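Fold and geometry: a report
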Amino acid sequence: MTAHSIVYEGKAKILYTTDDPNVLLTYFKDDATAFNAQKRGSIAGKGEMNCAISSHLFQLLETQGIATHWLGRPAPNEMQVQAVKILPLEVVLRNIAAGSLCQQTGIPLGTVLKEPLVEFYYKNDSLGDPLLTPDRLRLLELATPEQVEQLRSTALQINQVLTGFFQKCGITLVDFKLEFGLDANQRLLLADEISPDTCRLWNQADSDPSQRVLDKDRFRHDLGNVEAAYRQVLDRVLAQPVQP
Ligand code: TMP
């Protein structure tokens with residue numbers, strides 16, 4: 001299938017049309033940004049690694065009954081996906097306190113949460129992707145109340161599948177960000193990517209707070225060995241079959 005024009009270019013991916021209007025092609029770039037693109041860089045091989053990791057995880061989720069946009073991986077950096085209208089929401093799920101949760105609440109880094117925390121952020125770079133309260137979510141009408149409930153329950157279900165999978169990889173799934181879209185039939189599909197760019201992943205074999213980090217926090221906080229961390233995630237993820 002040949003790629004045509006650019007539909008959208010984001011910070012880490014480019015979305016192309018194909019000759020089928022229901023199918024798009026996502027090209028994963030090596031570019032990396034952090035803190036709303038105030039920090040910019042490149043992670044060698046990231047595009048291929050994130051494309052491979054995401055493809056594997058989307059297939060895993062499909063086997064567990066989660067509807068995703070994933071259709072195929074025609075090239076190392078390319079993912080074929082169903083065309084969806086992305087909801088302007090970032091759904092964040094947290095199992096362990098880290099990142100902005102610690103900064104904004106004072107909960108110490110590494111605190112295991114009594115139950116998974118689901119948060120909704122407004123996907124809007126010019127506003128800095130603000131955290132939404134339930135009332136603001138209703139006010140903005142970014143999704144119907146039914147869709148919001150579906151997003152919450154799907155995120156919790158995804159968390160169960162991914163937590164178990166990463167456990168088998170010797171990795172703790174600390175938190176992650178999801179994006180969803182609606183297909184032509186208004187069906188909600190998991191979209192975007194699931195990768196070390198969008199998850200916090202800690203190596204269970206290492207208790208050192210900076211050594212254990214196997215995700216984009218290595219880039220965000222200049223911890224070094226970014227490529228090697230992504231490669232470890234890739235190798236461990238691909239070693240586990242998608243069928244349980
Ligand atoms: P946070 O602690 O910075 O709010 O991040 C929560 C999770 O969301 C973490 O796994 C990283 C991911 N994330 C993204 O994928 N994109 C973003 O722009 C941000 C801020 C976080």
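Bear in mind the structure is a predicted one, so any value in this text is a computation, not a measurement. (Residues numbered from 1 in each chain as written. Predicted model: local features only at pLDDT ≥ 70, side-chain atom pairs only at ≥ 80, totals over all residues. Heavy atoms only, no water.)

1. Re the nonpolar core
Soluble globular proteins tend to bury their nonpolar side chains together. Leu57, Ile158, Leu162, Leu178 and Ile194 are the most contacted members of the largest nonpolar core, which has 57 residues in total. Beyond its immediate sequence surroundings of up to four residues, Leu162 is in contact with Leu57, Leu60, Leu61, Leu173 and Ile194. Grouped together as the second largest cluster of nonpolar side chains are 5 residues, Ile96, Ala98, Trp202 and Val213 included. (Core = buried A, V, L, I, M, F, W, Y, C linked by side-chain atoms within 4.5 Å. Buried < 20%, exposed > 50% of the residue type's maximum accessible area, 1.4 Å probe, protein only. Contact = heavy atoms within 4.5 Å.)

2. Brief notes about the site of the ligand
Around the ligand lies a shell of 14 residues, among which Arg94, Ser100, Asp175, Lys177 and Arg200 are the nearest. Taking Ser100, its side chain carries an N or O atom lying 2.6 Å from an oxygen atom of the ligand. Within the backbone of Thr198, a nitrogen or oxygen atom sits 3.5 Å from an oxygen atom of the ligand. Expressed as a share of its isolated accessible area of 450 Å², the protein-covered part of the ligand is 76%. Among the elements of the structure, β9 (89-96), α2 (99-105), β11 (171-182) and β13 (199-203) are those that each provide at least two residues to the shell around the ligand. The residue inventory of the shell around the ligand, partitioned by class, reads 5 nonpolar, 3 polar and 6 charged. (Near = heavy atom within 4 Å. Polar contact = N/O pair within 3.5 Å; in protein donor to acceptor, adjacent residues only side chain to side chain. Areas by Shrake-Rupley, 256 points an atom, 1.4 Å probe, with all protein chains shown as cover. Helix = DSSP H or I, 4+ residues; strand = E, 2+ residues; numbered from the N terminus. Nonpolar A, V, L, I, M, F, W, Y, C, P; charged D, E, K, R; others polar.)

3. Comments concerning the packing of helix α1 (residues 46-63) against helix α6 (residues 226-238)
Contact geometry of α1 with α6 gives a least axis separation of 10 Å together with a crossing angle of 30°. The orientation of α1 with respect to α6, classified from their angle, is roughly parallel. With respect to the hand of their crossing, α1 and α6 are arranged in left-handed fashion. Contact with α1, carried on its side by Lys46, Met49, Asn50, Ala52, Ile53, His56 and Leu57, involves Glu227, Tyr230, Arg231, Val233, Leu234, Val237 and Leu238 of α6 and no other residues of that element. Residues belonging to the contact of α1 with α6 are distributed by class as follows: 9 nonpolar, 2 polar and 3 charged. (Axes fitted to C-alpha atoms, helices over the stretch in contact; angles between N-to-C directions. Parallel < 35°, antiparallel > 145°, perpendicular 65-115°, else oblique. Left-handed = near helix turned anticlockwise from the far one by under 90°.)

4. A word on the state of the cysteines
For the structure on display, the rule yields 0 disulfides. Cysteine Cys199 remains unbridged, with the sulfur of Cys169 as its closest cysteine sulfur at 11 Å. You can call Cys199 buried: its relative accessible area is 4%. (Disulfide = S-S within 2.5 Å.)

5. Let's talk about the packing of aromatic side chains
Counted by the stated rule, this structure contains 1 aromatic pair. Here the aromatic rings of Phe165 and Phe166 are separated by 6.0 Å at their centres, their planes lie at 80°, and the arrangement is edge-to-face. An identical accessibility class is assigned to Phe165 and Phe166; each is buried. Above the ring of Phe219, the side-chain terminus of Lys39 is found at 5.1 Å from the ring centroid. A cation sits over an aromatic face here: Arg212 above Trp202, 3.7 Å from the ring centre. (Phe/Tyr/Trp six-rings, centres within 6.5 Å; stacked < 30°, edge-to-face > 60°. Lys NZ or Arg CZ within 6 Å of the ring centre and 35° of its normal.)

6. Some points on α6
Here α6 is 13 residues long and its end C-alpha atoms lie 19 Å apart, about the 18 Å a rise of 1.5 Å per residue gives. Burial in α6 covers these residues: Val226, Ala229, Tyr230, Val233, Leu234 and Val237. Seen end-on, α6 carries its buried residues on one side only, within an arc spanning 140°. Looking at the buried side of α6, the elements it contacts are α1, α4 (145-168), β11, β13 and α5 (217-220). (Expected span 1.5 Å × (residues − 1). Arc of directions from axis to C-beta.)

7. Focus on the sheet that holds strand β1 (residues 6-9)
A sheet is described by the order of its strands in space; here 5 strands give the open sequence β1-β2-β3-β7-β6, paired in antiparallel fashion. Looking at strand neighbours, the two that pair on one side only are β1 and β6 (70-75), the edges of this open sheet. The mean inter-strand angle of the sheet, taken between neighbouring strand axes irrespective of direction, is 25°. For β1 and strand β2 (residues 13-17), the ladder comprises 3 bridges, and the chain directions are antiparallel. Note on β2: the bridge partner recorded for Tyr8 is Leu15. In the packing of α1 onto the sheet, contacts are made with β3 (23-28), β6 and β7 (78-82), and the angle to β6 comes to roughly 145°. (Pairing = 2+ DSSP bridges.)

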